[in-house]
Amino acid sequence: MPKLKEIVNQPEGRRLEFKASLPGSTELAKTIIAFANDAGGELYLGIQDSPREVVGIDEERLIELEEKISSIIHDQCVPIILPEILFQNHNGRYVIVVKIHKGSSPPYFLKSKGIDTGTFIRVGSTNRQASCEIIAELERQKQNISFDSELVFQKTVDEINLQFFEELFLEKTGEKLTRQILSKLELFKNEQGKELPTNALILLSDDKLRKQLFPYAKMECARFKGSAPGNFIDQKSIGNSIGLQAEQAYQFVLRHISQGSTDYTGVYRNDRWEYPVIAIREVIRNAIIHRDYSLTGKDIKIAIFDDKIEITSPGKLMPSVDFSDMESGQSDIRNKTLAPVFKRLGIIEQWGNGLKLIKEELQKYPEIELSWKEPGIAFRVTFVRKNYQQPNESQPELQSELQQEFKKVLSTFGTKLGLSRDQVGTKSGSSRDQAGTMSALSRDQVGTKSKPSWDQVVQILDFCKKPQFVQEIMKQIKWSNRTKFRNKFINPLLDTAFIQMTIPDKPNSSKQQYQITERGEAFLQFLSQNSKDL
C-alpha cells in the first residue's frame, strides 16, 4: 500500500474516497457497494477532502469504529463483501483505511432496497444508482460472459445479410468466410435446433437488423472551429459495419490535421504530422474494440479542435486496466467474441500492445500531452497541444472573415446588409426613431415581432462577458418565452461561436451558463471599429 503522505495528495476518484469521520450507514454502504461493483477501492476515514487535511480519528474509538464498519457492511450489503480494515498513524493522528476488492459475484446492492434500486456503481468520485443496462452487465460479469456473445433471436444465420462481412474477411485475411470459420469464431450458436447469430455477428453485418438493434453503434466525428464545441467546420457520421469504422474515423482525423516538414536527411524531406497519428490510431481502435455496445443512446465521439483531439467511447475503462501504466502489456477484453475477429481482420495487431505503442509514439511528441478521464459512463482520451496559443481574433487577416460572418449574422438577427445600424427600422431605411409598421418594423420592434433586434444581440454579448444563466440573460433584455429565446438568440449565437456553454458536456445541466468567446469579443471589437461602414 502506498504511503499515506502520497495518498493524501491524490484526488478523489474511481478507487479513492476521503471522509473526515464515519458517514451515515447507508452512505457508507453505497460507497462499499460501488467499489465492489467496479474496480475496488479504498475509503480513508480521518482525512478531510476539502480542504485536504488529515484530521485523524480518536485512538480510543478505532476498535469501536472498526466493528461498526464491519457490521454495516455485513448487515446492509448483498452478496457478502469482505473488507480489509487497517489503521495508519500519520504524525500522531490515526486514519482508518477500508479497502474493498473488486467483487467476484456482482451485482452488489443494498439489502433494504433490492437489486433494481439498490445497486450502485462508481462514476468518477461519486456513487450512482446503476441503470438496468449496467445491472445486466454486472450479471454478465458474474457469469464471465460478454454482451457481444449473447444470442439474437429475431433471425437465423441464413437470414442475415453477410455479404459485406464476407467481402471484408476475404480482403483482409485472404480466406473465404465459411460456416466453419463462423462457428470457430463463435459468431453463431445452436439453440433449440436453430443456428442463431450473436450480437457480434449482427454488429459486423450489413443487415437491416443491425440498425434496428444497434442504432447507436456508430461514430460521430466533428471538426470544430476554436477550442470548444460550437461552430462546425466539418462533421461525419460513420454508421456502417464496425469492421470499417476505425479506418474511416482515422481518415477523418488525418484530413483535419496538418503534416509539415521538420528537417532534411540529405536531399530528402522529413515530414511529420502535428499529432502522434499512430497513438491516435490505437485510441480509435480501442474505442471500437472496447466500447460497451450494451449501452443504448451512446455513440463514439471524435472531436477535433484547434488545440486538441478528444476521443470518447461509451463504457468505463475496464477495472483491471491502468491507463497510466502503459508499459505493462495490459489486456482486458470487454467484447470477448469481437476481439478475435478484429485480430483476424488486423484491427488488433498484438494482444496488450496498444498502450505500449501509444507511449512510444508520444515520446516522439514532447509538445503533445495525453490525458484521460471518465465523464459519466464513458472513457475519454485527449491529445492536447501544450504550446497552443489562441489566435487573436482581431488580427487584420481575420477582418475579412469577420465581415463575411457579419453578413451571415445580419440575415439571422433581422438587419439588412447595406443599412446602417440606425437604419434597421424600415425597408426604405427610415431611422429607428420613426415608428415601425407591420411592413416596416422599427429596430426596437424587430426583436419581438419578427427577428431579434441587433441591439439585443450586442447587449447579450456584452452581458455575457461574465458567465450568465439563461434566465438572467432573458431578464437583461426583457424576454419572457424561454423556448423562443433559445431558438432566436442562444442557439444562433452558439452556432456562430460567439458564446459558449460553461458545461459543454452537459448542455441541459441546471448549472449551465453562457459566456462570450474570444471570437465574440473580437466580433464586438469589429463592430466598434467598422460601425460607420456597415
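Values in this document were obtained by computation on a predicted structure and should not be read as measured data. (Residues numbered from 1 in each chain as written. Predicted model: local features only at pLDDT ≥ 70, side-chain atom pairs only at ≥ 80, totals over all residues. Heavy atoms only, no water.)

Caption draft 1: How the structure looks around the overall build of the chain. Scanning the chain from N- to C-terminus turns up 19 helices and 22 strands. Burial statistics for the chain: of 534 residues in total, 47% are counted as buried. By element, 46% of the accessible surface of the chain is carried by carbon and sulfur atoms, the whole surface being about 27,000 Å². (Helix = DSSP H or I, 4+ residues; strand = E, 2+ residues; numbered from the N terminus. Buried < 20%, exposed > 50% of the residue type's maximum accessible area, 1.4 Å probe, protein only. Areas by Shrake-Rupley, 256 points an atom, 1.4 Å probe, with all protein chains shown as cover.)

Caption draft 2: Highlighting the side chain of Gln 512. Secondary-structure assignment places Gln 512 in the loop between strand 21 (499-501) and strand 22 (514-516). Among the polar contacts made by the side chain of Gln 512, one reaches the main-chain amide nitrogen of Thr 502 at a distance of 3.1 Å. From its side chain, Gln 512 meets the backbone oxygen of Ile 503 in a polar contact 2.8 Å long. Those residues within four positions of Gln 512 in sequence are excluded, and the remaining contacts are Phe 469, Met 501, Thr 502, Ile 503, Lys 506 and Pro 507. (Polar contact = N/O pair within 3.5 Å; in protein donor to acceptor, adjacent residues only side chain to side chain. Contact = heavy atoms within 4.5 Å.)

Caption draft 3: Local environment of the sheet that holds strand 14 (residues 232-238). Spatial ordering of the open sheet is given by 14-13-17-18-20-19, a layout of six strands whose pairing is mixed. Of all the strands in the sheet, just strand 14 and strand 19 (368-373) have a single pairing partner and so form its edges. Looking at each pair of strands side by side, their axes are set apart by 10° on average, direction ignored. The sheet contact formed by strand 17 (residues 300-304) and strand 18 (residues 308-314) spans four bridges and is antiparallel. Of the residues in strand 18, the one forming a bridge with Ile 304 is Ile 309. On the sheet, helix 11 (residues 277-290) packs against strand 13 (219-224), strand 17, strand 18 and strand 20 (378-385) and is oriented at approximately 20° with respect to strand 18. (Pairing = 2+ DSSP bridges. Axes fitted to C-alpha atoms, helices over the stretch in contact; angles between N-to-C directions.)

Caption draft 4: Molecular detail of the nonpolar core. In terms of nonpolar packing, the biggest core is built from 66 residues, with Phe 165, Leu 187, Ile 284, Ile 302, Ile 311, Phe 342 and Phe 383 touching the most fellow members. If one sorts the elements of this core by residue count, helix 11 sits on top with eight residues. Sequence-distant contacts of Leu 187, that is, excluding residues within four places in its chain, are made with Phe 165, Leu 182, Pro 197, Thr 198, Ala 200, Leu 201, Leu 204, Thr 337 and Val 341. Leu 22, Leu 43, Leu 62 and Leu 110 belong to the second-largest nonpolar core, a separate cluster that totals 25 residues. (Core = buried A, V, L, I, M, F, W, Y, C linked by side-chain atoms within 4.5 Å.)

Caption draft 5: Inspection of the side chain of Thr 31 at higher detail. Looking at where Thr 31 falls in the secondary structure, it is placed in helix 2 (residues 25-37). In this structure Thr 31 touches Glu 17, Arg 122 and Asn 127, once residues within four positions along its chain are discounted.

Caption draft 6: Just the packing of aromatic side chains, in detail. Under the counting rule described, the total for this entry stands at nine aromatic pairs. Aromatic side chains Trp 479 and Phe 489 sit 5.1 Å apart centroid to centroid with 80° between the ring planes, which places their arrangement in the edge-to-face category. Pair noted here: Trp 479 is in the loop between helix 17 (470-476) and helix 18 (482-495) and Phe 489 is in helix 18, with a separation of ten residues, a long-range link. By the burial criterion, Trp 479 is buried, and Phe 489 matches it. Grouping aromatic residues by their ring pairs yields a cluster made of Phe 224, Phe 232 and Phe 305. In this structure, Lys 308 is placed above the aromatic ring of Phe 305, and the distance from its NZ or CZ to the ring centre is 4.5 Å. (Phe/Tyr/Trp six-rings, centres within 6.5 Å; stacked < 30°, edge-to-face > 60°. Lys NZ or Arg CZ within 6 Å of the ring centre and 35° of its normal.)

Caption draft 7: Region of interest: the pairing of strand 7 (residues 93-100). Looking at chain direction, strand 2 (residues 41-45) and strand 7 are connected through five bridges and run antiparallel. Bridging from a neighbouring strand, Gly 41 pairs with Ile 100 of strand 7. Looking at chain direction, strand 6 (residues 84-90) and strand 7 are connected through seven bridges and run antiparallel. In the strand pairing of strand 7, Asn 89 is matched with Tyr 94. Between strand 6 and strand 7, which pair antiparallel in sequence order, lie two residues; one of them, Asn 91, sits at a positive phi of approximately 50°.

Caption draft 8: Spotlight on helix 18. The terminal C-alpha atoms of helix 18, which comprises 14 residues, lie 18 Å apart, in line with the 20 Å expected from a rise of 1.5 Å per residue. Helix geometry: helix 18 is bent most strongly at Lys 488, by close to 30°, with proline Pro 492 lying one to four residues after it. All buried positions along helix 18 are accounted for by Phe 485, Phe 489, Ile 490, Pro 492, Leu 493 and Leu 494. (Expected span 1.5 Å × (residues − 1). Bend = angle between axes of the 7 residues up to and from the residue.)

Caption draft 9: A look at the sheet that holds strand 7. The sheet built from four strands is open, its strands ordered 1-2-7-6 with mixed pairing. In this open sheet, the two strands that pair with only one neighbour each are strand 1 (16-19) and strand 6. Adjacent strand axes in the sheet meet at a mean angle of 20° when their direction is disregarded. Where strand 1 lies against strand 2, four bridges are found, and the strand directions are parallel. What sits directly across from Lys 19, in strand 2, is Leu 45.

Caption draft 10: Representation of the pattern of salt bridges. Inspection of every chain in the model, using the stated rule, returns 29 salt bridges. The closest approach of N and O atoms between Glu 282 and Arg 285, which form a salt bridge, is 2.9 Å. A residue pair is termed a helical-turn pair when its members lie 3 or 4 positions apart in one helix, as Glu 282 and Arg 285 do in helix 11 at three residues. Both residues of the pair, Glu 282 and Arg 285, belong to the buried class. When the shortest N-O distance is used, the salt bridge between Lys 308 and Asp 307 registers 3.3 Å. For Asp 307, a relative accessible area of 13% gives the class buried. Each of Arg 14, Asp 38, Lys 316 and Glu 374 takes part in one network of salt bridges that share partners. (Salt bridge = Lys/Arg side-chain N within 4 Å of Asp/Glu carboxyl O.)

Caption draft 11: Seen up close, unusual backbone geometry. Between Ser 50 and Pro 51 the backbone carries a cis peptide bond, its omega angle lying at -5°. As for its placement among the helices and strands, Pro 51 is situated in the loop between strand 3 (47-48) and strand 4 (53-54). Residue Pro 106 is joined to Pro 107 through a cis peptide bond whose omega torsion reads 5°. Within the secondary structure layout, Pro 107 lies in the loop between strand 7 and strand 8 (109-110). In the Ramachandran plot, Glu 186 falls in the positive-phi region, its phi being about 60° despite a non-glycine side chain. The residue Glu 186 is located in the loop between helix 7 (179-184) and strand 11 (188-191) in this model. One non-glycine residue with positive phi stands out, namely Gln 192, at about 55°. Structurally, Gln 192 is set in the loop between strand 11 and strand 12 (194-197).

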